[in-house]
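The lines below spell out each chain.
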Amino acid sequence: MTYATKLAVALWEEVGIEVVLLTCFCLGFSILRSQRKPIGCKKISVSENAKRQGSRPLSPENRLHRAEELLNDGKGGEALSALTGSSSSPLPGSILVALFEALRQRGNTQHLLRLPQGAITAWNGLALAQHATSRNYGAVREVHHVAQATVMTTAIGEALLKAYASCGEATAPEVLESLLELKPSEAALLMALGLCAQSQSVRMAERLAIYAKQKKGVTLPVSASLLKVYSQAKLWDKACSVHQELKNAGVIPDTATYGALIKAAVEAGRHQLAQDLFQESKNPDAMNVMSMIRAAGRAGDVPKALELLRQLELSERQIDTTTYNCALEACVAGGDRRSADTLLQQMVKVGHVDVVSYNTYIKLLLQGHLHKEVHKTLQDMRKQGIPPNVVTYNSIIKEAAARDITSAWDIAEEMQREGIQPDAYTASILGAGLRRQPSKAGLDRVLALTSQLQPDEVLVNCLLDICIRLKDRQRLRQVLLWRADLSAPSAHAFVMLIRAFGHAQQMDEAWKIWRQLLADEKVLTEDIFMSMVDACLASSDMRSLLEVFQEVRSWLPGFPRATVAFSLAVKMAMQLQQLDLALELYEETTETIILSVVTYNTLIDALVQSGALKRAMELFHDMTRRNVGPDLITFSILVKGFASAGDLETALMLLGQMRCLQIQPDSILFNTILNGCAKRQMRALTEQVLAEMENAGVAPSNFTLSILIKLYGRCGDLKAAFGVVEEYPKRFKFRLNAQVYTCLMSTCIWSGDLPMAFDVYQTMLQDGCLADGKTFDTLLMGCLKHQDARRALQVVREAAEFGVSVNPEMLESAVLMVREYGPELGQSCHPRSKK
């Protein structure tokens, strides 16, 4: 009998009878339980029970919906019963998560607090906190609020800490401090730091690192994690500071940390530190050596890079093609073609050369515009059995596109003849060339090439930008069809898509993207906001633009370009004659952004032009209250508005306020007030303002003189009009223009002195000032008024000689008058002639 058989027999003798008895008992109990029925009752199925209750069994979705309704009504116990069948049992974690999401869609997560005590426990609360890790900042904050109001444990706090770490820089400092008071473990801190690296949450990572140091001092895991955060955020100087911190604490970095520190030093341009770290690592791996080679290349120290390669060759480590390519790249970065030629020949000799090697070398040749050498290198590649790839040709096409887009297309066609299919980057390069010289023909060529490819985000963004520049809606809509191929668009892609949909007059699609981004608060950026503003402007939709500003009102203080967006919105409102919407936008944003004086001037000017002078003054006072100082343009707009409306008192009050603010009025502003006084024939006030104008050092102009001539003409003082015409040009050194002479002629005519008007006309010609159509119209009108056919005929003839057109109606009236008085004019007139 074998040993196994003996062991089996021995076990049977010990426990066999007990096993048999236990088996029989279990079997009999199962049979009895399956056949057991209550006395006097028959078995009732679930469906029959539902019928007795008058309804069908509720689905999970319906139970959730029913629980929501009960919570909205404040019936927390009944809601819990609807979900679990009991008004006192804790919710399963999955049901709590589903209920939270259902409530959050309606903005009612606070209703979870209406559940009975004990419904939310440490276990299901942890499940909810872990679920929040995959959500946005708003959802995490709501889960945190529920946990604070119900049950908060260290485990829940750690889960929330990780969730906040994945949300980016949105986490408020006080929120973070409240979680650190729960004393999370080092493992949780390290996981949170790792998530901070992904979301580039630098400030949060720094606070977590400080907390970890306060607990256990400087440790390598925490410092390495913080180093990773700095590296992901490309804060190379801060990454280098980690080395000093480790050194002060006496902590020795491992090989991976040394590699990260060396890379940070190289990227920061601190080549001496990179060298010190390299020597300090004592036994650097190949990656560290490659970082040092790159550092030497960036510093232009090609001999140093080649020396590092030689040391690596002399060591026992095996060198691969990647290391040689790194050294070749250093030669290219340093612009050392001789060293690059020598190294490439060595690489060919030892068999460590690939297509990347040749692509790197071609980059050096293209920098020197050595196109013949590039062609020769392509032949050498084929001889080596290394055919050029799409990357090779893309670099050549890119260099050609910068010079001549036609040459770039020729190379692209050559590439296709060689059997190499273009990729999305090829099309992007050719598309980028169109930005300098946009044309629909070139765009069609790129679109035809793209239709054969799988477009990526860069290509789609490039084509959208070109279509927007060309204002080509048809092709823009064609490119927008490719957006479905973008699996996970970046923030820049969202910016281009929103702009493109706006310019394509497809605002519904732009709103879909906007709503999606607005729900995820951590991705809403100023560029996305400005793209939505641009989309609304392109579609001339002022109402939608107002809605955009309302939805990001709390974000506007952090958007420096919000003021520019507001100015653009106001300009569009003026063009669309929707001043009411511009004012509504002002009321919505006035507390969140600081408007410039230019924007205020635009609004005030629009109000003045619409006749809303009272509202314009309110805006003016609001402007001063917000410490936005009015300028000369502000006062000029208001003064012109009130003077034109005949409210000279307010206009003069504004003039006095200008002086208090030490703003020097210009001639335009003074002329505006003078014109208002002249229209109301307020001679004394006009002369007073004129004196103030001279005292302010503002010289009167031809326009000023025209105003005075009109005033004196209306007052019947022709002598005063001639007096200022005689005096002012001499005093203020300017020549009279045609407008002043014409104004003086008109004054003479209305004063009843037509001959004097013609004397002024002769003086004007003698002064070398050419008459214009207005001059001849004025004289002709005077002739008609005084029924002077001879002078009318003279005016018509001289106008014809000067080639100046006169008013057709006046000309017709003059012809009729000349015909009527024809016999009296002698042989020089032909009144019967139709001509």
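This one's a predicted model, so the numbers in the text were calculated from it and none came from an experiment. (Residues numbered from 1 in each chain as written. Predicted model: local features only at pLDDT ≥ 70, side-chain atom pairs only at ≥ 80, totals over all residues. Heavy atoms only, no water.)

On to a positive patch on the surface, then. On the surface, Lys 679, Lys 710, Arg 714 and Lys 774 cluster together into a patch of positive charge. Take Lys 679: it is sitting in helix 38 (residues 667-679). (Patch = residues over 30% accessible without salt bridge, like charges linked within 9 Å, V, L, I, M, F, W, Y side chains within 5 Å. Areas by Shrake-Rupley, 256 points an atom, 1.4 Å probe, with all protein chains shown as cover. Salt bridge = Lys/Arg side-chain N within 4 Å of Asp/Glu carboxyl O. Lys, Arg positive; Asp, Glu negative; His and termini not counted. Charge placed at Lys NZ, Arg CZ, Asp CG, Glu CD. Helix = DSSP H or I, 4+ residues; strand = E, 2+ residues; numbered from the N terminus.)

Turning our eyes to something else, we now look at the layout of surface pockets. To find leftover empty space, a probe the size of one water molecule is rolled over the atoms. Taken as a whole, the largest pocket spans an internal volume of roughly 450 Å³. In terms of lining residues, the largest pocket is bounded by 21 residues, among which Lys 710, Thr 742, Cys 743, Ser 746 and Lys 774 are the most central. Among the secondary structure elements, those contributing two or more residues to the lining of the largest pocket are helix 40 (702-714), helix 42 (738-750) and helix 44 (773-786). (1 Å grid on protein atoms, 1.4 Å probe; cavity = no way out; pocket = protein on both sides within 12 Å on 5 of 7 lines; lining within 4 Å. Points joined across faces, edges and corners; volume = space filled by probe spheres on them.)

Quick look at the confidence of the model for the protein chain now. Should pLDDT be low for a region, the predicted coordinates there are not to be read in detail. Across the protein chain, the average pLDDT comes to 80, with 84% of residues at 70 or higher. Scored below 50 in pLDDT, residues 6-12 shows four contacts in the model against residues more than four places distant or in partner chains. Here residues 826-835 scores under 50 on pLDDT; set against residues more than four positions off or in separate chains, the count is 12 contacts. (pLDDT = per-residue confidence, 0-100. Contact = heavy atoms within 4.5 Å.)

Within this structure, the stated rule accounts for two cavities of 30 Å³ or more. Put simply, the largest cavity is a space of about 80 Å³. Lining the largest cavity are Glu 186, Leu 189, Ala 212, Lys 213, Lys 215, Lys 216, Gly 217, Val 218, Thr 219, Val 222 and Ser 223. Among the elements that take part in the lining of the largest cavity, helix 11 (residues 202-216) stands out by supplying four residues, more than any other. Class assignment for the residues of the lining of the largest cavity results in four nonpolar, three polar and four charged. One number sums up the size of the second largest cavity: a volume of about 50 Å³. Surrounding the second largest cavity, Ile 120, Gly 125, Leu 128, Val 143, Val 146, Ala 147, Thr 150, Val 151 and Ile 156 form its lining. Taken together, the elements giving at least two residues each to the lining of the second largest cavity come down to helix 6 (122-131) and helix 7 (137-149). (Nonpolar A, V, L, I, M, F, W, Y, C, P; charged D, E, K, R; others polar.)

Our next topic: the side chain of His 243. Topologically, His 243 is positioned in helix 13 (residues 236-249). Judged by relative accessible area, which is 8%, His 243 ranks as buried. Each residue touching His 243, except ones within four places of it in the same chain, is listed here: Leu 261, Leu 273, Leu 277 and Glu 280. (Buried < 20%, exposed > 50% of the residue type's maximum accessible area, 1.4 Å probe, protein only.)

This part covers the pattern of salt bridges. What the rule picks out here adds up to 35 salt bridges. The salt bridge partner of Arg 475 is Asp 444, with a shortest N-O separation of 2.6 Å. Placement of Arg 475 in helix 27 (residues 473-480) and of Asp 444 in helix 25 (residues 440-450) is noted, with a sequence separation of 31 residues between them. For Arg 791, the salt bridge is made with Asp 788, and the minimal N-O distance between the two is 2.6 Å. The exposure class of Asp 788 is buried, given its relative accessible area of 17%. Within the structure, one salt-bridge network assembled from shared partners comprises Glu 591, Asp 622, Arg 625 and Arg 626.

Let us look at the packing of aromatic side chains. Under the defined criterion, the tally for this structure stands at eight aromatic pairs. Measuring from ring centre to ring centre gives 5.5 Å for Tyr 728 and Phe 732, while their planes differ by 55°; the resulting arrangement is tilted. One end of the pair is Tyr 728 and the other is Phe 732, both in helix 41 (residues 718-732) and four residues apart, which spans about a single turn. Given the relative accessible area of 22%, Phe 732 is considered partly exposed. (Phe/Tyr/Trp six-rings, centres within 6.5 Å; stacked < 30°, edge-to-face > 60°.)

Turning next to helix 21 (residues 371-383). Compared with the 18 Å implied by 1.5 Å per residue over 13 residues, the 19 Å span of helix 21 between its first and last C-alpha is a close match. Along helix 21, the residues classified as buried are Val 374, Thr 377, Leu 378 and Met 381. Projection of helix 21 onto a plane perpendicular to its axis shows the buried side chains occupying an angular sector of 105°, all on one side. Summarising the geometry of helix 21, the exposed residues directed more than 90 degrees from the buried face are Lys 372 and Lys 383. Its buried side turned inward, helix 21 meets helix 20 (355-367) and helix 22 (390-403). Phi turns positive one or two residues past the end of helix 21, at Gly 385, with a value near 75°. (Expected span 1.5 Å × (residues − 1). Arc of directions from axis to C-beta.)

Moving on, we get to the packing of helix 23 (residues 405-417) against helix 25. Interhelical geometry of helix 23 versus helix 25 gives an angle of 20° and a closest axis separation of 13 Å. Looking at the two axes, helix 23 sits roughly parallel to helix 25. Judged by the twist between their axes, the crossing of helix 23 over helix 25 is left-handed. Residues Trp 409, Glu 413 and Gln 416 of helix 23 form the contact with helix 25, whose participating residues are Arg 445, Val 446 and Leu 449. Taken together, the residues of the contact of helix 23 with helix 25 sort by class into three nonpolar, one polar and two charged. (Axes fitted to C-alpha atoms, helices over the stretch in contact; angles between N-to-C directions. Parallel < 35°, antiparallel > 145°, perpendicular 65-115°, else oblique. Left-handed = near helix turned anticlockwise from the far one by under 90°.)

Turning next to helix 14 (residues 255-267). An ideal rise of 1.5 Å per residue puts 18 Å on 13 residues; helix 14 measures up with 18 Å between its terminal C-alpha atoms. Burial in helix 14 covers these residues: Thr 257, Tyr 258, Gly 259, Leu 261, Ile 262, Ala 264, Ala 265 and Val 266. Following helix 14 by one or two positions, Gly 269 adopts a phi angle in the positive range, close to 80°.

Two elements in contact, helix 33 (residues 579-589) and helix 34 (residues 597-609), have axes whose closest approach is 11 Å; the angle formed by their N-to-C orientations is 140°. Both helix 33 and helix 34 take part in a crossing whose hand is left-handed. Contact with helix 33, carried on its side by Leu 579, Ala 582, Leu 583 and Tyr 586, involves Tyr 600, Leu 603, Ala 606 and Leu 607 of helix 34 and no other residues of that element. A class-by-class count of the residues in the contact of helix 33 with helix 34 yields eight nonpolar, no polar and no charged.

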